[in-house]
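Each chain, written out:
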Amino acid sequence: MKLRSFAAIIALTLGGSAASAPVLAPPATPGPDVQPFVHIPAGRIAITHLRIIDGTGAAPVEDATLLIDGAKIGAVLPAGSAPPASYRVIDGTGETAMPGLVGMHNHLYYLQRPNLDAAGHFEQPVIIPQMTFSAPRLYLANGVTTMRTTGSVEPYTDLSLKREIDAGHLVGPHLDVTSPYLEGPGAFFIQNHQITSPDDARKEVAFWADMGVNSFKAYMHLTRAELGAAIKEAHRHKLKLTGHLCSVTYPEAVALGIDNLEHGFFVNTQLDPGKQPDKCTDTAGTPTLLKMTPGSPEANALIKLLVDHHVALTSTLPVFAQSVPLHEPLQPRQMDVLTPQAKEGYLFSRNLVSSRAGTPRGDQFTQAYKNDLGLERQFVAAGGLLMAGPDPTGNGGVIPGFGDQRELELLVEAGFTPVEAIRIGTLNGATYLGLADRIGSIAAGKNADLFIVNGNPAAKIDDVENVVVVFKDGVGYDSARLIRSVKGRFGEY
Ligand SMILES: [Zn+2]
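Note that the coordinates shown come from a computational prediction; the quantities given were computed from them, not determined experimentally. (Residues numbered from 1 in each chain as written. Predicted model: local features only at pLDDT ≥ 70, side-chain atom pairs only at ≥ 80, totals over all residues. Heavy atoms only, no water.)

Colleague: What is the right way to look at the overall build of the chain in this model?
Modeller: Across its full length, the chain carries 16 helices and 18 strands. Principal-axis analysis of the C-alpha atoms places the extent of the chain at approximately 70 × 50 × 45 Å. Split into buried and exposed, the 493 residues of the chain put 58% on the buried side. Taking the contacts inside the chain whose residues are at least 6 apart along the sequence as the reference set, 75% of them involve residues at least 24 apart. (Helix = DSSP H or I, 4+ residues; strand = E, 2+ residues; numbered from the N terminus. Buried < 20%, exposed > 50% of the residue type's maximum accessible area, 1.4 Å probe, protein only. Contact = heavy atoms within 4.5 Å.)

Here it is, written out as structure tokens:
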């Protein structure tokens with residue numbers, strides 16, 4: 001009930017800007033460059049003996065038959081039902097269907113730290129390379145059917161990519177194209193406009209709303225007045241704004257009317273020593289997270305504030321796990337998609353992080369990471385809307401699509417049940433986007449955006465990695481073929 005009323009409020013107040021193309025375009029016929037990846041063409045399809053995890057957090061349905069009617073889910077029939085005549089029957093024995101992932105921090109670029117030295121420094125300027133060729137294929141191959149780009153370094157490219165995917169000319173998920181980073185002086189990379197005043201912030205938001213972005217992202221060095229002006233202008237265009245903040249604390253951003261905060265509780269600076277109003281701290285939130293243990297008065301107050309104001313949080317555990325010494329290395333299947341240079345860059349920075357094992361810096365971050373896991377659980381228990389995304393940045397150890405699966409696994413390590421983690425990665429994102437009536441769960445009448453894996457992720461979450469086929473608008477895409485098509489290329493383009 002709580003979620004439904006939340007979704008209804010969003011649908012009423014934020015119907016989308018007139019200038020932007022909808023996140024879910026009408027289904028398109030796969031064109032010649034998409035066709036090679038189609039495994040099961042759209043039609044009347046009955047997948048039998050299938051386990052279904054519906055995305056609502058409910059227990060799985062065993063031995064069901066899933067009917068797909070063109071671009072829509074026709075029905076979920078209980079065990080023992082015979083598939084209707086005229087349906088193409090596919091045996092799903094041993095397999096599980098899940099809603100397509102709704103990735104809420106899914107960039108279309110990749111960060112390999114250029115010129116990294118032994119101390120972890122690198123030379124300026126930092127330019128972030130775009131992965132328009134490989135990233136959409138990897139996302140779709142790994143079960144992501146809808147994603148928000150959550151900050152762009154090439155906004156025109158991202159808008160063009162969306163147009164081409166929506167027309168059936170290129171393969172990839174449904175895109176919520178986010179604006180370039182709204183950022184003031186002190187930006188980490190050089191590819192964005194530098195905002196200098198509240199009016200400048202308002203103008204940048206108005207411009208990108210007119211260009212057709214679906215959402216906005218504020219970054220680390222804005223003043224409260226600039227962030228407030230940006231939020232106001234985004235809402236005037238009926239679009240939402242999220243932020244990876246630093247200069248503005250979480251409570252300040254809530255007061256300004258922000259819709260969503262990125263990176264769980266990692267980048268809140270409210271208790272950082274020496275925090276000056278409107279200024280980012282060098283520590284960028286770690287001291288606050290160390291003080292804010294789950295269940296502490298500070299944590300309770302912040303979580304109540306976020307829940308009361310319906311501010312959603314995006315969990316991006318894979319990127320933070322990369323800073324925990326001796327974290328799990330990339331799997332061979334992920335190393336295979338990297339260019340040789342990206343592999344080298346990743347291994348270099350992984351060694352650098354692992355060399356901090358047992359040092360105060362390493363131990364401190366490990367503790368901060370643990371606090372965040374507890375706070376994310378507390379936020380959900382208090383009724384907060386938690387969403388999921390991988391954030392393929394950091395030290396290069398988070399790869400599109402694979403990282404979305406890793407996020408679910410890390411949510412389970414954090415203490416969520418597998419079906420709760422899957423809900424966070426599917427229906428919760430759809431709810432935030434105001435699209436929960438069409439995507440985010442498996443139910444009759446919804447869009448046929450779902451994926452099928454070998455095994456049972458409700459019992460063993462790692463089985464989300466065993467993707468067989470990904471349906472988007474009722475077209476089944478071959479996961480392995482998509483991944484093969486970018487082998488050795490991710491990191492280049
Ligand atoms: Zn990010």
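Colleague: Is there a simple way to think about the packing of helix α4 (residues 198–211) against helix α5 (residues 224–236) in this case?
Modeller: Packed helices, taken two at a time, are described by their axes: the angle between them and the distance between them. Running from N to C, α4 and α5 cross one another at 30 degrees; their axes reach a closest spacing of 8 Å. One element, α4, and the other, α5, form an angle in the roughly parallel class. Our pair here, α4 against α5, has a crossing hand that is right-handed. Of the residues in α5, those touching α4 at Pro198, Ala201, Arg202, Val205 and Ala206 are Ala225, Glu226, Ala229, Ala230, Glu233 and Ala234. Grouping the constituent residues of the contact of α4 with α5 by class yields 8 nonpolar, no polar and 3 charged. (Axes fitted to C-alpha atoms, helices over the stretch in contact; angles between N-to-C directions. Parallel < 35°, antiparallel > 145°, perpendicular 65-115°, else oblique. Left-handed = near helix turned anticlockwise from the far one by under 90°. Nonpolar A, V, L, I, M, F, W, Y, C, P; charged D, E, K, R; others polar.)

Colleague: Hey, could you run me through the sheet that holds strand β12 (residues 240–243) in this one?
Modeller: Backbone hydrogen bonds are what pair the strands of a sheet, in a parallel or an antiparallel way. Strand order in the open sheet formed by 6 strands is β10-β11-β12-β13-β14-β15, with parallel pairing between adjacent strands. Here the strands that pair on one side only, and so sit at the sheet edges, are β10 (178–182) and β15 (386–388). This sheet shows a mean twist of 25 degrees between the axes of neighbouring strands, independent of strand direction. (Pairing = 2+ DSSP bridges.)

Colleague: Explain the pairing of strand β16 (residues 450–454) to me, please; I cannot follow it from the model alone.
Modeller: On any regular strand, side chains alternate: one points to one face of the sheet, the next to the other face. Across the 5 residues that make up β16, a large majority, 4, are buried. Judged from the 5 bridges that link them, strand β6 (residues 95–99) and β16 form a sheet pairing that is antiparallel. Paired with Pro99 across the two strands is Leu450, which belongs to β16. In terms of strand pairing, β16 meets strand β17 (residues 467–472) through 4 bridges, oriented antiparallel. Each bridged residue has a counterpart across the sheet, and for Phe451 the counterpart in β17 is Val470.

Colleague: Mind showing me how you'd approach the coordination of the zinc ion here?
Modeller: When a metal carries six donors in an octahedron, the ideal angles between them are 90 or 180 degrees, while four donors in a tetrahedron ideally lie at 109.5 degrees. Taken together, the protein ligands of the zinc ion are His105 (NE2), His107 (NE2) and Asp391 (OD), with distances of 2.0 to 2.6 Å. Between consecutive donors of the zinc ion, the numbers of intervening residues give the motif H-x1-H-x283-D. (Donors = N, O, S within 2.8 Å, 3.2 Å for Na, K, Ca; no water.)

Colleague: Please explain the side chain of Thr249 as it appears in this structure.
Modeller: Within the secondary structure, Thr249 sits in the loop between β12 and α6 (250–256). Contact partners of Thr249, with chain neighbours within four places excluded, come to Asn268, Thr269, Gln270 and Lys275.

Colleague: I would appreciate a short explanation of the pattern of salt bridges in the present structure.
Modeller: Close approach of charged atoms allows side chains of opposite charge to pair. Under the criterion given, the structure shown has 15 salt bridges. In this structure, the salt-bridge partner of Arg224 is Asp278, at a minimum N-O distance of 2.8 Å. Within this pair, whereas Arg224 is found in helix α5, its partner Asp278 is found in the loop between β13 (260–262) and α7 (286–291), the two being separated by 54 residues in sequence. Look at Arg224 and you get partly exposed, because its relative accessible area is 32%. Residues Arg406 and Glu413 are paired through a salt bridge, measuring 3.9 Å at the closest nitrogen-oxygen approach. For Arg406, a relative accessible area of 18% gives the class buried. The exposure class of Glu413 is exposed, given its relative accessible area of 57%. (Salt bridge = Lys/Arg side-chain N within 4 Å of Asp/Glu carboxyl O.)

Colleague: Even after reading the chapter, I still don't get helix α2 (residues 134–141), so can you show me in this structure?
Modeller: One full turn of an α-helix is made of 3.6 residues, so residues set three or four places apart face in the same direction. Of all 8 residues in α2, 8 are buried, a share of seventy percent or more. Within the sequence span of α2, burial applies to Ser134, Ala135, Pro136, Arg137, Leu138, Tyr139, Leu140 and Ala141. Buried residues along α2 sit in contact with β8 (144–148), α3 (155–166), α13 (402–413), β17, β18 (475–478) and α16 (479–484). Of the residues one or two after α2, Gly143 is the one with positive phi, at around 105 degrees.

Colleague: Would you mind going over the side chain of Asp449 with me for this structure?
Modeller: Position of Asp449 relative to the elements: it lies in the loop between α15 (427–432) and β16. With no salt bridge to any partner, buried Asp449 finds its closest opposite charge in Lys472, at an N-O distance of 7.5 Å. Engagement of the side chain of Asp449 in a polar contact is seen with the side chain of His174, the distance being 3.3 Å. With residues up to four places along the chain from it excluded, the contact list for Asp449 reads Pro99, Gly100, Thr145, Thr146, His174, Ile439, Phe471, Lys472 and Asp473. (Lys, Arg positive; Asp, Glu negative; His and termini not counted. Polar contact = N/O pair within 3.5 Å; in protein donor to acceptor, adjacent residues only side chain to side chain.)

None of the figures reported here should be taken as evidence of function without further support.
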